[in-house]
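Next come the chains, spelled out residue by residue.
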Number of protein chains: 4
Amino acid sequence: MMNPLKGIIPPMITPLKSNDELDRDGVEKLIEHIIGGGVHGLFLLGTNGEGPSLSNRLKKEFLKLSCEVVKGRVPVLVGITDSAFSGAMEIAEYSKSVGADSVVVAPPFYFPANETEMINYVEKLAAATPLPFVLYNMPMHTKINLTIPTIRRAKELGCIGVKDSSGDMANLYMWIDAFKEDQNFAVFAGTELYLPDAVMGGAHGAVAGGANVFPKLFVDLYEAALKQDLPTINKLRDKIIWLCNTMYVVSPSAARITISFKTALSLLGICSDEMALPLMKLEGADKEQIATYLKEMKEFI
Amino acid sequence: MMNPLKGIIPPMITPLKSNDELDRDGVEKLIEHIIGGGVHGLFLLGTNGEGPSLSNRLKKEFLKLSCEVVKGRVPVLVGITDSAFSGAMEIAEYSKSVGADSVVVAPPFYFPANETEMINYVEKLAAATPLPFVLYNMPMHTKINLTIPTIRRAKELGCIGVKDSSGDMANLYMWIDAFKEDQNFAVFAGTELYLPDAVMGGAHGAVAGGANVFPKLFVDLYEAALKQDLPTINKLRDKIIWLCNTMYVVSPSAARITISFKTALSLLGICSDEMALPLMKLEGADKEQIATYLKEMKEFI
Amino acid sequence: MMNPLKGIIPPMITPLKSNDELDRDGVEKLIEHIIGGGVHGLFLLGTNGEGPSLSNRLKKEFLKLSCEVVKGRVPVLVGITDSAFSGAMEIAEYSKSVGADSVVVAPPFYFPANETEMINYVEKLAAATPLPFVLYNMPMHTKINLTIPTIRRAKELGCIGVKDSSGDMANLYMWIDAFKEDQNFAVFAGTELYLPDAVMGGAHGAVAGGANVFPKLFVDLYEAALKQDLPTINKLRDKIIWLCNTMYVVSPSAARITISFKTALSLLGICSDEMALPLMKLEGADKEQIATYLKEMKEFI
Amino acid sequence: MMNPLKGIIPPMITPLKSNDELDRDGVEKLIEHIIGGGVHGLFLLGTNGEGPSLSNRLKKEFLKLSCEVVKGRVPVLVGITDSAFSGAMEIAEYSKSVGADSVVVAPPFYFPANETEMINYVEKLAAATPLPFVLYNMPMHTKINLTIPTIRRAKELGCIGVKDSSGDMANLYMWIDAFKEDQNFAVFAGTELYLPDAVMGGAHGAVAGGANVFPKLFVDLYEAALKQDLPTINKLRDKIIWLCNTMYVVSPSAARITISFKTALSLLGICSDEMALPLMKLEGADKEQIATYLKEMKEFI
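The structure presented is a predicted model; accordingly, all values stated were derived computationally and were not measured.

Here is what the cut-offs are and how they apply
- Starting afresh in each chain, residues are numbered from 1 along the sequence in its written order.
- In the order they appear in the text, chains get letters beginning with A and ligands get numbers beginning with 1.
- Owing to the predicted nature of the model, reporting of local features is limited to residues with pLDDT of at least 70; listing and counting of side-chain atom pairs is limited to 80 or more, with chain, interface and lining totals taken over all residues.
- Excluding hydrogens and water, the side-chain figures rest on all heavy atoms present in the structure.
- Numbering of helices and strands starts at the N terminus; helices are DSSP runs of H or I of at least 4 residues and strands are runs of E of at least 2.
- The size measure is the radius of gyration over C-alpha atoms, and the globule rule it meets is 2.2 Å times the number of residues to the 0.38 power.
- Each residue is placed in one exposure class: buried if its accessible area under a 1.4 Å probe, protein chains only, is under 20% of its type's maximum, exposed if it is over 50%, and partly exposed if it falls in between.
- Working rule for contacts: check all heavy atoms of both residues, and any pair within 4.5 Å makes them a contact.
- Per-residue accessibility takes into account occlusion by the displayed protein chains alone, with areas from the Shrake-Rupley method and a 1.4 Å probe.
- Neither His nor the chain ends is counted toward charge; the positive residues are Lys and Arg and the negative residues Asp and Glu.
- Where a charge sits is defined by one atom per residue type, namely NZ (Lys), CZ (Arg), CG (Asp) or CD (Glu).
- The fit set for superposing copies consists of C-alpha atoms from residues with pLDDT of at least 70 in both; the fit itself is least squares.
- Per residue, pLDDT measures the predictor's confidence, with a range of 0 to 100.
- Buried residues of nine kinds, namely Ala, Val, Leu, Ile, Met, Phe, Trp, Tyr and Cys, make up a nonpolar core once their side-chain atoms join them within 4.5 Å.
- Buried area, as used here, totals the accessible surface that two parts lose on assembly, with accessibility defined by a 1.4 Å probe and the loss added over both.
- Between Lys or Arg on one side and Asp or Glu on the other, a salt bridge is scored when a side-chain nitrogen of the former is within 4 Å of a carboxyl oxygen of the latter.
- Identification of polar contacts relies on pairs of N or O atoms within 3.5 Å, with a donor-acceptor requirement for protein atoms, meaning one able to donate a hydrogen and the other able to accept it, and with residues adjacent in sequence counted only if both atoms are side-chain atoms.
- Gly counts as polar in this scheme, as do all residues outside two lists: the nonpolar Ala, Val, Leu, Ile, Met, Phe, Trp, Tyr, Cys and Pro, and the charged Asp, Glu, Lys and Arg.
- Only C-alpha atoms enter the line fits that serve as axes; for helices the fit covers just the stretch in contact. Angles between N-to-C directions range over 0 to 180 degrees.
- An angle counts as roughly parallel when it lies under 35 degrees, as roughly antiparallel when it exceeds 145, as roughly perpendicular when it falls between 65 and 115, and as oblique in every other case.
- Each crossing is labelled by how the near helix is turned from the far one, with a counterclockwise turn of less than a right angle marking it left-handed and a clockwise turn marking it right-handed.
- Here the expected length of a helix is defined as 1.5 Å per residue gap, with one fewer gap than residues.
- Note on pairing: DSSP must find at least two bridges between two strands before they are called paired.
- We call a crossover right-handed when, viewed with both strands directed away from the observer, the connection leading from the first strand over the helix to the second proceeds clockwise.
- By convention, a stacked pair of Phe, Tyr or Trp rings (six-membered ring in the case of Trp) has centres within 6.5 Å and planes under 30 degrees apart, an edge-to-face pair has planes over 60 apart, and any other such pair is tilted.
- In this scheme, the term charge over a ring applies when either NZ of a lysine or CZ of an arginine sits within 6 Å of the ring centre and within 35 degrees of the ring normal.

### Quick notes on the overall build of chain A
Phase 1: A tally of helices and strands in chain A yields 12 helices and 10 strands.
Phase 2: Taken against the 2.2 N^0.38 rule, which gives 19 Å for 301 residues, the C-alpha radius of gyration of chain A at 18 Å falls within 12% of a compact globule.
Phase 3: Dimensions of chain A, computed from C-alpha atoms along their principal axes, come out at roughly 50 × 45 × 35 Å.
Phase 4: When each of the 301 residues of chain A is scored for burial, the buried share is 66%.
Phase 5: Residue pairs in contact within chain A that sit at least 24 positions apart in sequence constitute 74% of those at least 6 positions apart.
Phase 6: Entry remark: accessible area of chain A is about 9900 Å², with carbon and sulfur atoms responsible for 50%.
Phase 7: Separation of charge centres in chain A, based on 29 positive and 35 negative side chains, amounts to 3 Å.

What follows is the structure, encoded as C-alpha cells:
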C-alpha cells in the first residue's frame, strides 16, 4: 500500500444525524467531495472526526461505509484512540476487516502516561494491532507530548509514521531530523499554517482539517511546497491565515474548527452539521457568518 | 436509598488478572475488607477504579459481581464517565439493572467542554440516565473545572451531589456554601489531607482512595470530624501525611496512588496487583518498599 | 523580637498618589486602621503591596514612614522580592536601617529557578541579608513551587519561617508536618478561606489580604481557631466566602483582590485608590459595587 | 536610523565578572566577535542578556560601554523590561543619553496583565519613553501572550516593531499578516529553528541567541532565506538542529541556552562565563561537553 504515507490526508469529520446516528448520505457525498479535490489519503475518526465521542457501533458502521465508498482510491487511516486499550483493539480489528490500510493511535487520554508507560503501551499495541500503525501527537487533548525515544521504539515495532498536532514547529523539525534516515517513515504536520514550511523542510505531508471543506486549496499548497514555489505558497497561505481569522474562530468551543467545518459542509449541502456530545452545532447568526465566509472562498470549493 | 450521601465512600480499585480479565476472588475479598472497615458506601469505576481504561464487557462483569457481594449493605455508586455519551449511558443502564444506587459522571475528557457545552451535556445526561447522578470534578484528568452554575443546573435536573477532586480546598468551601441550603445535596471531598476540615466545614463526607487499604483509618477520621475531636483528628491526619510521604510516592506514575493501593492489597493477600493499560504495576524493590510501609501501618488494617 | 512569628500579619497595600508618588497620609491612616484591628504584625511590599511594581526610591520612603508610624507596636516584615538580587539586597539593608524586623523573599520571578538554582539563591541570600528572612511561596506569580528541601536548607541558614500562597492546602499540611519539630520556625497560610483549618492543624498564622480592610474579622477568626471554637469559625468563614463571591471578584484583573482592597479603603476615607502600573483602579459602577458590598460588612470595619 | 529593523539582531549575553560586576574586556571582545559575523543590530539586556537579573547601576555601565564600542556600526536596541515602570523608564532615558537607537519592552512580569491593563501600560510607556520602542512577546517568562489589538495600539503610538519568542509559528504568521501593509513595522522571529521560514513568509529578521557564539551561521541563514536558497537553508538548519540536540541541552536550567552561550564564549576566550543570580554557570564535565561540541562547530566561529 502506501509506503511511505505522503501528501494531504484530511482528518475527515464524521457526518451524523444525531449523537449516535450516522448521516450515511453525508458520508458518501463528503468522501466524493474530498477525494475530488485530489487528496492523497483519508484519516477517519481522529479529533476532527470526533472519534473519542462516538460509540463503537457507530464507528463500525461508519468505517464499513467509508471503505466501500473509497473503494481503494486512496489509503484509509483509522483513528483508534480510546482510553481503554480493548476498545482501541476492537476498532483496529474491525478496520482491517473492512479493508482500511492503517490505524492511528494517540496516547490513552485519561491517565497522562509517562514515558515508561507510553513505551509499554506502544509495545502492547504493536503486538496486538493487525494493521500498520501511525502515532498521533495531540498534547492539547491527551496531556502528554510524545518523545523521540517513544517514537523510535514504536518504529522498531512497526510504526510507519507520526503526526504532530502539538502546534510546535520546532518540535516538528526535531522529529523530521530524528527520522530523516528512513524515508519510509512518515512525519506529518498537523498545523495548516506551516504546512508548506514543513514539507520544504522534509515532512511527508499534512493532516489538514481545512481539507474537509477546501481539499483543493491544501493539495495545491502541498504541490507548491514540493516545487518550492514561494509566490504560490505565500498566496495560498494568505487564504489559510484569512480562514484562521474568520471561519475558524466563530465558535467559542475548544473544538471550534471542527464545528466550523461541519457547519460549512452543511451549508454546501454535503452533510449534516450535527455534532456528537459534548460539542454543539452553530445556530443563527453564527451559522450565517460561516455562510458569508464561505462565499468569499468559493473559488476553492 | 441514600439521601443524602454521607460518610466515607471509597473509590474502590478494580481487581484484575490481566488487562481485560477480572480477578473475581479479589473483588469479593476486597469488598469484604472495605465494608469490614465500616465505610458508608462504595464508589466503583472511578479514577482509582481505572474506569476509563476498562472495556464495557469487563465493567459489566465487575458491576454484577460487586452488587451481588455488597447485597445492599451500603449504597453502590458507579462511575460511568466515558468520552462517548453512548458508552456512559450503556453503563448507566446496566448499573440500574444490577441494583446499583447511583451513577457518578465526570466531564467527557477528550474535548475540554466549555460551560455552555457542559450544561448541555448535563441536560442530555439527566434526561437519559435511569439512576440518580453525582457530578465528579477531576480537572487533572478531564482538563475542566466544573462551575457552580453547571452544578446548580444539574441539581435542578436531579443531580444528588458533587465530588471535588480538584485538590483546591477554597473551591470546596465555595461549593459547600453554594449548596448549604439543601442538606439533601451532598458535597464530597476528594482529597484525604483535608477530609476532617471539609467535614467540620460542612461537607457530607469524602471519597478517600486510601480507604481501599485502610478503611478504618478513614472511618475513624470521619467520626472524629463529626465529633470535632481535634486531638484525634490531628493524630490520624499525621498518619495520612506519613502515607503521602511514603507509600503514595513510590511510583513515578501520575497514577502513583492507585498503583500503591493495588500493590498493598496484593501484599495483604486481598487481590491481584495487575493494572489496566496504560498503568504498570510495581516490581522488585518498589514492591518491597510498599511492604515495609505496610508493616508500619499494621494497626490500621 | 518575634520568635516565632504568629497570628494575623496583613500584607499591607501601598497607598499611592500616582504611579511613583506615595500617599503619606494614607500610609499613616492605614497603619492605624490595621493595627487598631488587633493584628500581630505587618507585611509590607508583598504582592498586595505591589512591591515588584514600585521603584526603590518609593519603597524606601514608604518603609521609613511605615516604621516611624508603627513605632515597634508590631513586628514589621518587608518584602524584598526583586528579579535582580542586588535590588533585593538594597531593600534588605534599608529595611534594617529603618528598624524593620524581618525580610520576606519570594523566588526571583523572571527566570523560573529549578531546585538547585533556588538553593544556591537562598545560600547567597542568607549570606547577604542583614535581617532574618522568611520564604514566600507564590507560584502563580513566580512560576515555581518551593520544595521542602529548599526550605530545609534555608532554615539551616537562618530562615525563620515560610508563607504559602500556593492555595494548595495539602501542600500547607505537608509543610506544617515537615517543620513541626521546631516551633520557632513559622509556617503561615496565605489563603483566607482555610485560615482556621490551617491554624487548628498547626500553622502559626496567616497573611490575609482582607485584613487591610477588615482586620478585626481576621483577628477574631484566628482567635476562634486558637480556641477551636467551630461555631464562630463557621460563622466568620461565611463572611469570607461572601467576600469571595462579591467584593473580591469585581475587577477582571488577575490582581482583582488587591484592587478591591484599595477601592474599599478609598471609600472608607483611609487612603487613595491609585494603583501602580500595570494595575488599574476601579471606576464608575464597579466602584459603586464595592461601596454597596462595604455597607453589608460594616460591623467588621 | 534603522527603519525598518531587519536581519539578524543577536540578543547579546552580558559578560560578568560576578553577580554585580561587569566583564568590561569581555564586552568589547564579544561585540567585536558578533559584529565581525556580519549581524544587522545588537539587542542588549534581553532574556539572554539576563536583563531582569541586573542592577540598574550595572545596566548603565554596560550600556555606556557597549555604545562606545559599537560606535554606530549597527543599531543598538536595549531591553528595558522591569516589573516596575519607573525602573524601565530610567533605563530608557539612559539608553537615549548614551546613543542607543531603540528600546525593547516585554510585559511587566510579576502581575500577569490582561489585555486592558497591557494596552494602558503601552499607552503610558509610549508617552514616557524617549526612544522608539519594540514590543517583545515572551510568554514563557512573562506569563502573558501579546494580542494583535495590543500591538496595533502600540503601533499607533509609535511602536516600530515586535519580536515573538512564543515559539508558536502559527502566531508569528498571524502577526506577519496583520502588519504586512506597513513594511516599516518590523516583525521579528525569536525561534532559531524556523528563522528561514519566517523570513520567507514575510518576517523582517530574527533575534537569534545562537548568534552570540556563531554570528556568521545565522547571517548566512538569513541571507539564504532572502535568496530562497532551500538547499543552503536546509544544510544550515541541520546545524541548528544539531545544536538543539547538543550544546543547547547540557544544563538542566530553564535558561540552559543562555548558560551554554556564556560557557562557549568563555571557552573561546571571548568573555567570562559568570551568570547573574539565580542562574549558575556550568562546571566540570558539563563544561567539557560544551568544549567538545564547539570543536565540531569550528567552521562557523
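Next, the rest of the story.
### Points about the relation of the copies chain B and chain A
Phase 1: Mapping chain B onto chain A is achieved by rotating through 180 degrees and translating by 0.0 Å along the same axis, at an RMSD of 0.0 Å. Such a combination of turn and shift is consistent with a two-fold rotation axis.
Phase 2: Comparing interface residues between copies, 100% of those in chain B also lie at the interface in chain A; the contact surface is shared.

### As for the confidence of the model for chain A
Phase 1: Overall, the predicted model of chain A reaches an average pLDDT of 96, with 99% of residues at or above 70.
Phase 2: Confidence estimates for the predicted assembly give a pTM of 0.95 and an ipTM of 0.95.

### Focus on the nonpolar core
Phase 1: Ranked by size, the top nonpolar core spans 496 residues in total, and within it Ile80 of chain A, Ile80 and Phe133 of chain B, Ile80 and Phe133 of chain C together with Ile80 of chain D carry the most contacts.
Phase 2: The contact partners of Ile80 of chain C, leaving out residues within four places of it in the chain, are Ala88, Met89, Ile91, Ala92, Val103, Val104, Val105 and Leu125 of chain C.

### Things to note about the interface of chain B and chain A
Phase 1: Across the boundary between the two partners, chain B contributes 39 residues, which contact 39 residues of chain A.
Phase 2: Counting each side, the surface lost to burial between chain B and chain A is near 3400 Å², with a carbon and sulfur contribution of 67%.
Phase 3: Summed over the three residues of chain B that lose the most area to chain A, namely Tyr110, Phe111 and Leu277 of chain B, the buried surface amounts to 24% of that side.
Phase 4: Summed over the shared surface of chain B and chain A, the number is zero salt bridges.
Phase 5: Taken together, chain B and chain A are joined by 12 residue pairs in polar contact (both at pLDDT 80 or more).
Phase 6: Per-class residue counts for the side of chain B that touches chain A are 22 nonpolar, 12 polar and five charged.

### Re the packing of helix 3 (residues 85–97) of chain C against helix 4 (residues 115–128) of chain C
Residues and elements named next belong to chain C.
Phase 1: At their nearest, the axes of helix 3 and helix 4 sit 11 Å apart, and the two run at 30 degrees to each other. Taken together, helix 3 and helix 4 sit at an angle that is classed as roughly parallel. Here helix 3 runs over helix 4; the crossing is right-handed. Between helix 3, through Phe85, Met89 and Glu93, and helix 4, the contact on the second element is made entirely by Tyr121, Lys124, Leu125 and Ala128.
Phase 2: Partitioning the contact of helix 3 with helix 4 into residue classes produces five nonpolar, no polar and two charged.

### A few points about helix 1 (residues 24–36) of chain A
Residue and element names in this part refer to chain A.
Phase 1: Here helix 1 contains 13 residues, and its C-alpha end-to-end distance of 18 Å stays within 8% of the 18 Å for a straight helix at 1.5 Å per residue.
Phase 2: Turning to helix 1, its buried residues number three or more, namely Gly26, Val27, Leu30, Ile31, His33, Ile34 and Ile35.
Phase 3: Positive phi appears at Gly38, one or two residues downstream of helix 1, with a value of about 95 degrees.

### A word on helix 7 (residues 169–178) of chain A
Residue and element names in this part refer to chain A.
Phase 1: Within helix 7, 10 of the 10 residues are buried, which leaves the element mostly enclosed by the surrounding structure.
Phase 2: Among all positions in helix 7, only Met169, Ala170, Asn171, Leu172, Tyr173, Met174, Trp175, Ile176, Asp177 and Ala178 are buried.
Phase 3: For helix 7, the N-terminal capping position is held by Asp168, with its side-chain oxygen 2.9 Å away from the main-chain nitrogen of Ala170.

### Notes on the relation of the copies chain B and chain C
Phase 1: Rotating chain B by 180 degrees about the axis while translating it 0.0 Å along that axis superimposes it on chain C, leaving an RMSD of 0.0 Å.
Phase 2: The residues that chain B uses at the interface reappear at the interface of chain C in 100% of cases, marking a shared surface.

### Let's talk about the sheet that holds strand 9 (residues 186–189) of chain B
All names here are of chain B.
Phase 1: Spatially, the eight strands line up as an open sheet ordered 1-10-9-8-7-6-5-4, and their pairing is parallel. Bordering the open sheet on either side are strand 1 (7–8) and strand 4 (42–44), each of which pairs with just one other strand.
Phase 2: Those strands touched by helix 2 (residues 56–70) are strand 4 and strand 5 (76–79), and its axis lies near 170 degrees from that of strand 4.

### With respect to the interface of chain B and chain C
Phase 1: Opposite the 21 residues of chain B that make contact, chain C presents 21 residues.
Phase 2: Along the contact surface separating chain B from chain C lie two salt bridges.
Phase 3: Taking the shortest distance from any N to any O, the salt bridge between Lys180 of chain C and Asp238 of chain B comes out at 3.5 Å.
Phase 4: Where the side of chain B that touches chain C is concerned, the elements lending two or more residues are helix 7 (169–178), helix 8 (195–200) and helix 10 (230–245) of chain B.
Phase 5: In terms of residues, the side of chain B that touches chain C owes the most to one element, helix 10 of chain B, which gives seven residues.
Phase 6: Here the residues of the side of chain B that touches chain C sort into 10 nonpolar, five polar and six charged.

### Topic: the packing of helix 1 (residues 24–36) of chain D against helix 2 (residues 56–70) of chain D
All names here are of chain D.
Phase 1: Where helix 1 contacts helix 2, the axes come no closer than 10 Å and their chain directions differ by 45 degrees. Between helix 1 and helix 2, the angle falls in the class oblique. Helix 1 and helix 2 meet at a crossing whose hand is right-handed. Note on element contacts: helix 2 touches helix 1 through Glu61, Phe62, Leu65, Ser66, Val69 and Val70, opposite Arg24, Val27, Glu28, Ile31, Glu32 and Ile35.

### Some remarks on the pairing of strand 9 of chain B
Residues and elements named next belong to chain B.
Phase 1: Going residue by residue along strand 9, you find Ala186 and Phe188 tucked away on one face and Val187 and Ala189 tucked away on the opposite face as well.
Phase 2: Here four bridges tie strand 8 (residues 159–164) to strand 9, and the two strands are oriented parallel to one another. Within strand 9, the position partnered with Gly161 by the bridge is Ala186.
Phase 3: For the handedness criterion, the β-α-β arrangement of strand 8, helix 7 and strand 9 is classed as right-handed.
Phase 4: Examined bridge by bridge, strand 9 and strand 10 (residues 205–206) share two bridges and lie parallel to one another. In the sheet register, Phe188 faces strand 10, and the bridge partner there is Gly205.

### A few points about the pairing of strand 7 (residues 133–137) of chain B
Residue and element names in this part refer to chain B.
Phase 1: The element strand 7 is extensively covered by neighbouring structure, given that five of its five residues are classed as buried.
Phase 2: Taken together, the three bridges between strand 6 (residues 102–105) and strand 7 define a ladder with parallel strand orientation. Note on strand 7: the bridge partner recorded for Val105 is Leu135.
Phase 3: As defined by bridge partners, strand 7 adjoins strand 8 across five bridges and the pair is classed as parallel. For Tyr136, the partnering residue across the bridge sits in strand 8 and is Lys163.

### Re the packing of aromatic side chains
Phase 1: Tallied over the entire structure, the rule returns 30 aromatic pairs over all chains.
Phase 2: Ring geometry for Phe85 of chain C and Tyr121 of chain C: centres 5.6 Å apart, planes at 85 degrees, overall edge-to-face. Note that Phe85 of chain C is positioned in helix 3 and Tyr121 of chain C in helix 4, a separation of 36 residues in sequence. Each member of the pair, Phe85 of chain C together with Tyr121 of chain C, is buried.
Phase 3: By way of ring pairs, the aromatic residues Phe109, Tyr110 and Phe111 of chain A together with Phe109, Tyr110 and Phe111 of chain B are connected into one cluster.
Phase 4: The cationic tip of Lys143 of chain C hangs over the ring face of Tyr110 of chain C; the distance from NZ or CZ to the ring centre is 5.7 Å.

### Examining unusual backbone geometry
All names here are of chain B.
Phase 1: Cis rather than trans, the peptide bond between Leu277 and Pro278 has omega equal to 10 degrees.
Phase 2: Here Pro278 lies in the loop between helix 11 (256–267) and helix 12 (284–296).
Phase 3: For Lys143, which is not glycine, the phi dihedral falls at a positive 75 degrees.
Phase 4: Residue placement: Lys143 occurs in the loop between helix 5 (139–142) and helix 6 (148–156).

### Examining the side chain of Glu192 of chain D
Residues and elements named next belong to chain D.
Phase 1: Structurally, the position occupied by Glu192 is in the loop between strand 9 (186–189) and helix 8 (195–200).
Phase 2: A polar contact is formed between the side chain of Glu192 and the side chain of Tyr248, at a distance of 2.9 Å.
Phase 3: Among all residues touching Glu192, those that are not within four sequence positions of it are Ala208, Gly209, Gly210, Phe218, Ile240, Tyr248 and Phe261.

### Side note on the sheet that holds strand 4 (residues 42–44) of chain D
Residue and element names in this part refer to chain D.
Phase 1: If you walk across this open sheet you meet the eight strands as 1-10-9-8-7-6-5-4, and the pairing is parallel. What marks the edges here is a single partner per strand, and that holds for strand 1 (7–8) and strand 4.
Phase 2: Here strand 1 runs beside strand 10 (residues 205–206); their pairing, made up of two bridges, is parallel. When the sheet's bridge partners are listed, Gly7 is paired in strand 10 with Gly205.

### With respect to the environment of Leu268 of chain D
Residue and element names in this part refer to chain D.
Phase 1: Counting through the fold element by element, Leu268 comes out in the loop between helix 11 (256–267) and helix 12 (284–296).
Phase 2: Considered as a pair, Leu268 and Val213 are 55 residues apart in the sequence and their alpha carbons are 9.0 Å apart.
Phase 3: Those residues within four positions of Leu268 in sequence are excluded, and the remaining contacts are Val213, Leu294 and Ile301.

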